[in-house]
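Analysis of the macromolecular model
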Amino acid sequence: MIHLRSVQKSYARGEQRVLACAVDRLDVAAGEQVALIGRSGTGKTTLLHILAGILRPDQGEVTVAGARLDGMGESARDRHRGQHIGMVYQTFNLLQPFTALENVLLGALFGRGAGHDARLRAEALLQQVGLAERMHHRPGQLSVGQVQRVAICRALVNDPELILMDEPLGNQDRATGGQVLDLLLEIARNGGKTVVMVTHDPESAKRMQRTVDLATLRSDLGAAAVASHGGHA
Amino acid sequence: MKLWSISLRNLRVRLVATVLTMVSIVLATALYAAILTMSEQTEARYKGSIGGFQAVVGPKDASQLEVVLNTIFNVDVAPGLFPLRICTELRSGKSAGRRTQVRYAIPQARGDSVSRFNFPVIGTIDEMFSRFEWQYDGEKREPLRFQAGGPFVYAYDELLQLADGLAAYETAKRTEAPEPRPARPRIQPQWKKAVVGARVARTLGLGLGGTITPVHGKFGEFGYHEHPEATCEVVGILAPTNSPLDTTIFLPIGLHYLIDGHEGGVFLVETPPGKTPDDARKLPVEAGRIGLTAIVVDPKDHFGARLLRQEFSSKEAQVAWPADVIPKFLQQVGNAADALAVIAWLVLLVAAISITVAIYNTMNERRREIAIMRSLGARRFQILAIIVGEAALLSCFGALLGLVACHGAMLALQGVVEDATGVYLEWAQFRVWEAWLLLGVTGLGAFAGLLPAIKGSMTQVADNLAQNY
């Protein structure tokens, strides 16, 4: 499902380039559930954005869901992301003016299309996560746990092969967040979906089948060479 | 869900800014539509109103435009008088060429009005309803139609007899001839009949058998007074023509001359060399110099028209050709309308710029929202389409409301405009150019949205996703 080879991503800061992420080799099998851990500044979020096709690496090969993202143009990566990847963010990133159902449908609109079938699927997903009565509420009218569930439905609405999560338990209480995360992992397991979650929380990482420390993926560079980059990790 | 529904939602979220920006679009569109409508309907009204008038004879010292506007469109007071003899000569063929070159020459005399609406009263002969022809809806010309009743009876010969009688009476009075002097002709009961236009009947609630009393001057003005001796029974109501004929009241011209107070100005008297005007007022008058305000003339054919153009010669009257005069007049009106239209387009341009500014100013606060949509798979052109769609929808709604406002204003001001200009505004009539205006304003708005849309589509996804505003 995921194959990374000699991937590096750096940013310009003034006249210097700051290395934000470096991965020699990473392979994730289809259906596998992997936690990427690492201390702050190790490039977890940057790596997630590379896997999503939001960022293109400076060098290296990135193959996700059968597509070589490092050679793709931006528009093709956008389309690929919309159709094959579902994303869940730490802050959930729902759009405030839209209802829960509409937020889920937005995922479909930019993915496989927001027609009648997508609407039925979005409604079914919201029912599955216990939001049948709240699907016409806006994010501001929902609890944090409910918002998290809406975000999960949005990630699943296109029936993606890969789900990427960035600190999905974020700022909420562990018990509630953990239940929702378990629900997502169960849906993913039943659907044979691959899940990659970046986190610095060991408890969350334990829920996954495999844990990969990002520092260990950079044998040739060494952890000490990793530069801190607050905005991207 | 569609892209445009996101655009629509974004407009609703910023409702106050949306409404304020839309107001300028509404005003500009309404202004432009109103200018175009007034210009178009004025032109239609004026062009349509000359359908039955081939040529009009009026006083020499007025302009041709004044003659046409007063005779056909009832604008202003009559610009002057000229003698009845010219009408007689036209009818007999003495004025132009060696034979009669006109199918009809119908005398008119005006000066009074009826009601506070100041419907003009025109004294004329019954040929106005038997020989004068009107072009209904672009079809072949035919005599005026009546929706009720029929014409009064008053022939040209009766006018000539009355002129003789009045002249004899006036001459005896002016020259202080010894008694017994000729008696002043009296108003005959059969002359106290009126034919009224369709709008006169509708506005005043007149039916057959109803009565009207002419007013000297205009109702409410200093010196106005009613002429109860000339109160007439309505014997005919004309069918609508959508022309000033609808607001006109026709009386027998003889009645007009016998209304109290008209006798002093009925005859045209020239002051001979070496005499004072007071001396001239004591000279005998001629029947042929009874004053007319206009003659409605129809040449027999092209040859007749040419002769009338080339050979009509009088030091007191002239022939005006509405088909020549009105287009020139409309061109001048059109130039003014064009200038107003340019102003309306400038207002639209300013409104479009306000759209650009309004949406551009929201781009910073929308970076995260755009980044989220991009992270869900939205491509740059889709973000561009959403923002351009916002501007286009804003403009489209504004233009629609502007058109509705224009039609609403036409409905509200219909009566006022008709009273002031004689132009009847067809408020319910939608024209093809309104669809083009709607499209044009929408397109302009979409174009105005391009700059913020480009800025929005360039939003960096990773940078803005990471921020928690």
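Residues numbered from 1 in each chain as written. Chains lettered and ligands numbered in written order. Predicted model: local features only at pLDDT ≥ 70, side-chain atom pairs only at ≥ 80, totals over all residues. Heavy atoms only, no water.

1. Re the overall build of chain A
- In terms of helices and strands, chain A carries 7 helices and 9 strands.
- Over its C-alpha atoms chain A spans a radius of gyration of 17 Å, differing by no more than 12% from the 17 Å that the globule rule assigns to 233 residues.
- Dimensions of chain A, computed from C-alpha atoms along their principal axes, come out at roughly 50 × 35 × 35 Å.
- In chain A, which comprises 233 residues, the proportion classed as buried is 57%.
- Long-range pairs, those at least 24 residues apart, make up 71% of the contacts in chain A between residues at least 6 apart in sequence. (Helix = DSSP H or I, 4+ residues; strand = E, 2+ residues; numbered from the N terminus. Rg over C-alpha atoms; globule rule 2.2 N^0.38 Å. Buried < 20%, exposed > 50% of the residue type's maximum accessible area, 1.4 Å probe, protein only. Contact = heavy atoms within 4.5 Å.)

2. Observations concerning the overall build of chain B
- The helix and strand tally for chain B stands at 17 helices and 16 strands.
- Against the compact-globule benchmark of 23 Å for 469 residues, chain B has a radius of gyration of 32 Å, which places it well outside the compact range.
- The principal-axis extent of the C-alpha atoms belonging to chain B is close to 115 × 45 × 45 Å.
- Buried positions account for 51% of the 469 residues belonging to chain B.
- Taking the intrachain contacts of chain B between residues at least 6 apart in sequence as the baseline, contacts between residues at least 24 apart amount to 77%.
- When the accessible surface of chain B is totalled, it reaches about 21400 Å², and 59% of it is carbon and sulfur.
- With 46 positive and 44 negative side-chain charges, chain B shows a separation of 9 Å between the mean positions of the two kinds. (Areas by Shrake-Rupley, 256 points an atom, 1.4 Å probe, with all protein chains shown as cover. Lys, Arg positive; Asp, Glu negative; His and termini not counted. Charge placed at Lys NZ, Arg CZ, Asp CG, Glu CD.)

3. Considerations on the interface of chain A and chain B
- With 29 residues of chain A at the interface, the matching set in chain B holds 26 residues.
- Between chain A and chain B, the buried area comes to about 2400 Å², and carbon and sulfur atoms account for 61% of it.
- The largest share of the area that chain A buries against chain B comes from Leu95(A), Phe98(A) and Phe110(A), three residues that together contribute 24% of it.
- On the surface where chain A and chain B come into contact, there are 4 salt bridges.
- A salt bridge links Arg9(B) to Glu102(A), with the nearest nitrogen and oxygen atoms 2.6 Å apart.
- Across the chain A-chain B interface, the total number found is 9 residue pairs in polar contact (both at pLDDT 80 or more).
- Secondary structure elements with two or more residues in the side of chain A that touches chain B: α2 (74-84) and α3 (100-109) of chain A.
- Residue contributions to the side of chain A that touches chain B peak at 6 residues, all from α2(A).
- Tallied by class, the residues present in the side of chain A that touches chain B amount to 13 nonpolar, 9 polar and 7 charged. (Buried area = accessible area lost by both parts, 1.4 Å probe. Salt bridge = Lys/Arg side-chain N within 4 Å of Asp/Glu carboxyl O. Polar contact = N/O pair within 3.5 Å; in protein donor to acceptor, adjacent residues only side chain to side chain. Nonpolar A, V, L, I, M, F, W, Y, C, P; charged D, E, K, R; others polar.)

4. A few points about the sheet that holds strand β6 (residues 85-88) of chain A
All names here are of chain A.
- Strand order in the open sheet formed by 5 strands is β6-β7-β8-β3-β9, with parallel pairing between adjacent strands. Each of the sheet's edge strands pairs with one partner strand only, and the pair in question is β6 and β9 (210-213). Direction aside, the axes of adjacent strands within the sheet are offset by 20° on average.
- For strand β7 (residues 162-166) and strand β8 (residues 194-199), the ladder comprises 5 bridges, and the chain directions are parallel. The residue of β8 that forms the bridge with leucine 162 is threonine 194.
- Each of β6 and β7 touches α2; the most contacted strand, β6, lies at about 80° to it.
- The strands touched by helix α5 (residues 144-156) within the sheet are β6 and β7, with β6 carrying the most contacts at an inclination of about 165°. (Pairing = 2+ DSSP bridges. Axes fitted to C-alpha atoms, helices over the stretch in contact; angles between N-to-C directions.)

5. Topic: the pairing of strand β1 (residues 55-59) of chain B
All names here are of chain B.
- Summarising burial for β1: 5 of the 5 residues are buried, a large majority.
- Bridge count for β1 against strand β15 (residues 294-299) is 3 bridges, and the pairing is antiparallel. The partner of valine 57 across the bridge, within β15, is isoleucine 295.
- Two elements, β1 and strand β16 (residues 317-320), share 4 bridges in a ladder whose sense is antiparallel. When the sheet's bridge partners are listed, glycine 58 is paired in β16 with glutamine 318.

6. Considerations on helix α6 (residues 156-174) of chain B
Residues and elements named next belong to chain B.
- For α6, with 19 residues, the first-to-last C-alpha span of 26 Å sits near the 27 Å given by 1.5 Å per residue.
- Regarding α6, the residues found buried are Tyr156, Leu159, Leu162, Ala163, Leu166, Ala167, Tyr169, Glu170, Thr171, Ala172 and Arg174.
- Just beyond α6, the residue with positive phi is glutamate 176, at close to 55°. (Expected span 1.5 Å × (residues − 1).)

7. Topic: the environment of Gly402(B)
- Of note, Gly402(B) is situated in helix α14 (residues 380-421).
- If we skip the residues at most four places from it in the chain, Gly402(B) touches Val26(B), Thr29(B) and Ala30(B).

8. Some remarks on the sheet that holds strand β2 (residues 16-28) of chain A
All names here are of chain A.
- Judged by pairing direction, the sheet is antiparallel, and its 4 strands sit side by side in the order β2-β1-β4-β5 without closing on themselves. Two strands lie at the open edges of the sheet, namely β2 and β5 (67-68), each paired on one side alone.
- Here 11 bridges tie strand β1 (residues 2-13) to β2, and the two strands are oriented antiparallel to one another. Across the sheet, histidine 3 pairs through a bridge with aspartate 27, a residue of β2.

9. Quick word on the side chain of Lys44(A)
Residue and element names in this part refer to chain A.
- Tracing the backbone shows lysine 44 in helix α1 (residues 44-52).
- In this structure, lysine 44 is buried with no salt-bridge partner, the nearest side chain bearing the opposite charge being glutamate 167 at 4.7 Å.
- A polar contact is formed between the side chain of lysine 44 and the backbone oxygen of glycine 38, at a distance of 2.9 Å.

10. Remarks on the pattern of salt bridges
- Counted under the stated rule, the structure contains 35 salt bridges over all chains.
- Notably, a salt bridge pairs Arg121(A) with Asp159(A), separated by 3.7 Å at the nearest N-O pair. Here Arg121(A), found in helix α4 (residues 116-128), pairs with Asp159(A), found in the loop between α5 and β7; they are 38 residues apart in sequence, far enough to count as distant.
- By relative accessible area, which is 42% here, Asp159(A) ends up partly exposed.
- Across the salt bridge formed by Glu369(B) and Arg14(B), the nearest N and O atoms sit 4.0 Å from each other. Of this pair, Glu369(B) sits in helix α13 (residues 367-375) while Arg14(B) is found in the loop between α1 (3-13) and α2 (15-49), placing the two residues 355 residues apart along the sequence.
- The exposure class of Arg14(B) is buried, given its relative accessible area of 17%.
- One connected set of salt bridges, linked through shared partners, spans Glu74(A), Asp78(A), Arg81(A), Arg374(B) and Arg380(B).

11. Structural notes on a nonpolar patch on the surface
All names here are of chain B.
- There is a patch of nonpolar side chains on the surface, built from Val342, Leu346, Leu349, Ile353 and Val357 and spanning about 450 Å² of accessible area.
- Its place among the elements puts leucine 346 in helix α12 (residues 322-360).
- Residue leucine 346 is classed as partly exposed on the basis of its relative accessible area of 49%. (Patch = residues over 30% accessible without salt bridge, like charges linked within 9 Å, V, L, I, M, F, W, Y side chains within 5 Å.)

12. Considering helix α16 (residues 450-457) of chain B
- Every buried residue of α16(B) is listed here: Pro452(B), Ala453(B), Gly456(B) and Ser457(B). Taken down its axis, α16(B) places every buried residue within 135° of arc, on the same side. (Arc of directions from axis to C-beta.)

13. Observations concerning the packing of α4(A) against α5(A)
Residue and element names in this part refer to chain A.
- Where α4 meets α5, the axes come as close as 10 Å, and the angle between the chain directions of the two elements is 140°. The two elements α4 and α5 meet at a crossing, and its hand is right-handed. For the pair α4 and α5, the contacting residues are Arg121, Leu125 and Leu126 in the first and Val150, Cys153 and Leu156 in the second.
- Class assignment for the residues of the contact of α4 with α5 results in 5 nonpolar, no polar and 1 charged. (Left-handed = near helix turned anticlockwise from the far one by under 90°.)

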